[in-house]
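Listed below are the residues making up each chain.
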Amino acid sequence: MKKIWILFLILVSFKAMTQPVAYTKLADGIIAQVGDKIILKSDFEKEIGRMISQNQEVTDSVRGALLYQLMLRKMMVRQAELDSLPLKDEEVEQRLDRKIRYFAQMMGGTEKLEEFYGKSVLEIKEEFKEQEREEILAEKMQEKVTGGV
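Keep in mind that what you see is a predicted model, and the values were worked out from it rather than measured.

**Let's talk about the packing of helix α4 (residues 89-107) against helix α5 (residues 110-117)**
Link 1 in the chain: Put simply, α4 and α5 touch, their axes get as near as 7 Å, and they point 95° apart. Taken together, the axes of α4 and α5 are roughly perpendicular relative to one another. Contacts between α4 and α5 involve I100, F103, A104 and M107 from the former and T110, K112, L113 and F116 from the latter.
Link 2 in the chain: Grouping the constituent residues of the contact of α4 with α5 by class yields 6 nonpolar, 1 polar and 1 charged.

What follows is the structure in structure tokens.
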């Protein structure tokens, strides 16, 4: 089963890397789908915006790599949910709290963070909760898949 999973990952990776995506021609809505998981154009653009705000150069190859990473994460999350990997709400909350503290420290305080996002810390946490949950599930699934390799 692991060999099939790894082969599937390699095929998806190769296909995503070899097929160019016309970013300027995409309509609003879904830009990719992995099983029942979707990647919205707005989510993709948020990630691009985050990269730009961190002064990262965003080329077509960077956009392709980002889309690949988002698709891989959705695939891992889907499989983690199918495998019923355990994830407690406290785990998500703790990790969100650590990230919020880190970003507040980097920006010079909680007030600066709230000003940057135009939201309260609670609203910021709520906005990123699902993304954090998916990241943790994807990490757990990746550990499960590659644990024996």
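**Re the packing of aromatic side chains**
Link 1 in the chain: Using the criterion set out here, one finds 3 aromatic pairs in the structure.
Link 2 in the chain: Between the aromatic rings of Y102 and F103, the centroid separation amounts to 5.3 Å while the plane-to-plane angle is 65°, which identifies the pairing as edge-to-face.
Link 3 in the chain: The exposure class of F103 is partly exposed, given its relative accessible area of 38%.
Link 4 in the chain: When the ring of F116 is compared with that of Y117, the centres are 5.1 Å apart and the planes differ by 90°; the resulting orientation is edge-to-face.
Link 5 in the chain: A relative accessible area of 49% means that F116 is categorised as partly exposed.

**Quick word on the environment of L122**
Link 1 in the chain: You can see L122 is positioned in helix α6 (residues 121-146).
Link 2 in the chain: Along the primary structure L122 and I100 are separated by 22 residues, whereas in three dimensions their C-alpha atoms are 10.0 Å apart.

**Comments concerning the pairing of strand β2 (residues 37-40)**
Link 1 in the chain: On β2, burial follows the alternation: K37 and I39 on one face are buried, whereas I38 and L40 on the facing-out side are not.
Link 2 in the chain: When strand β1 (residues 30-34) meets β2, the two strands line up antiparallel, connected through 4 bridges. Bridge pairing links V34 to K37 in β2.
Link 3 in the chain: The loop that links β1 with its antiparallel partner β2 comprises 2 residues; one of these, G35, has a positive phi angle of about 60°.

**Let's talk about α4**
Link 1 in the chain: Across its 19 residues, α4 extends 27 Å between first and last C-alpha, which sits within 8% of the 27 Å expected from 1.5 Å per residue.
Link 2 in the chain: Next to the buried residues of α4 lie α5 and α6.
Link 3 in the chain: One or two steps after α4, the chain reaches G108, where phi turns positive at roughly 100°.

So, how was this worked out
- Residues numbered from 1 in each chain as written.
- Predicted model: local features only at pLDDT ≥ 70, side-chain atom pairs only at ≥ 80, totals over all residues.
- Heavy atoms only, no water.
- Axes fitted to C-alpha atoms, helices over the stretch in contact; angles between N-to-C directions.
- Helix = DSSP H or I, 4+ residues; strand = E, 2+ residues; numbered from the N terminus.
- Parallel < 35°, antiparallel > 145°, perpendicular 65-115°, else oblique.
- Contact = heavy atoms within 4.5 Å.
- Nonpolar A, V, L, I, M, F, W, Y, C, P; charged D, E, K, R; others polar.
- Phe/Tyr/Trp six-rings, centres within 6.5 Å; stacked < 30°, edge-to-face > 60°.
- Buried < 20%, exposed > 50% of the residue type's maximum accessible area, 1.4 Å probe, protein only.
- Pairing = 2+ DSSP bridges.
- Expected span 1.5 Å × (residues − 1).

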